[in-house]
Amino acid sequence: DKNGLDKEEFLQDVNEMEKMLEGYLSFVSGEGGEPSTFVDMNEMILSILNKFRNSKALIRYSTNDQVSAIQGREQSLKRALTNVIGNAFNYGSTVSVALESNNNKLEVTVDDDGPGIPPDKREDVFKDVIVSHGGKIELTDSPIGGLRVLISIPL
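Residues numbered from 1 in each chain as written. Predicted model: local features only at pLDDT ≥ 70, side-chain atom pairs only at ≥ 80, totals over all residues. Heavy atoms only, no water.

1. Details of the sheet that holds strand β2 (residues 58-63)
Sheet strands line up and pair through hydrogen bonds in the backbone, either parallel or antiparallel.
Link 1 in the chain: Here five strands make up an open sheet; going across it, the order is β2-β4-β5-β7-β6 and the pairing mixed. Sheet topology places β2 and β6 (136-141) at the edges, where each strand pairs with a single neighbour. With direction set aside, neighbouring strand axes in the sheet form an average angle of 15°.
Link 2 in the chain: Where β2 and strand β4 (residues 94-101) come together, six bridges link them in parallel fashion. Each bridged residue has a counterpart across the sheet, and for R60 the counterpart in β4 is S96.
Link 3 in the chain: In the packing of helix α2 (residues 41-51) onto the sheet, the strands contacted are β2, β4 and β5 (105-112), and the crossing angle to β2 comes to about 175°.
Link 4 in the chain: Packed onto the sheet, helix α3 (residues 74-91) meets β2, β4, β5 and β7 (147-154) and runs at close to 25° relative to β5. (Pairing = 2+ DSSP bridges. Helix = DSSP H or I, 4+ residues; strand = E, 2+ residues; numbered from the N terminus. Axes fitted to C-alpha atoms, helices over the stretch in contact; angles between N-to-C directions. Contact = heavy atoms within 4.5 Å.)

2. Re the side chain of D112
Link 1 in the chain: With respect to the helices, strands and loops of the structure, D112 is situated in strand β5.
Link 2 in the chain: Accessibility expressed as a relative area gives 6% for D112, which makes it buried.
Link 3 in the chain: Not counting residues within four places of it along the chain, the set of residues in contact with D112 comprises A88, G92, T94, S142, I144, G145, G146 and L147. (Buried < 20%, exposed > 50% of the residue type's maximum accessible area, 1.4 Å probe, protein only.)

Here it is, written out as structure tokens:
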């Protein structure tokens, strides 16, 4: 069927996601030599979403206006988020991004209404990946029908 990904495309996507996760993990574990600075996540997400403004997708962004600055490696983080958000735009016609924070963690949720990844395949995306420094990335079903990627970073 036209909407489904064929196996090859799917594996390619899984590979891309693995690369993205490795980038994210080296970011949290402080590899890559980039110095840690104060990063305003709200600003970063807005600037990433701006790049996709001309896409046909409907974009929703919400934040709870709590703390949105973290200590982090800006370029690595921007790369990881651009990948996750870019993926949502590749597959979905609606992309919803939320930034929530409380006093102990900051969460970025990216939802799309695309085909998603079957639950039994999501584990593949994480094989051999050990999340260091307490950072967490989870793939679940999106309430709007596609894939939800949740990135959680301790503050």
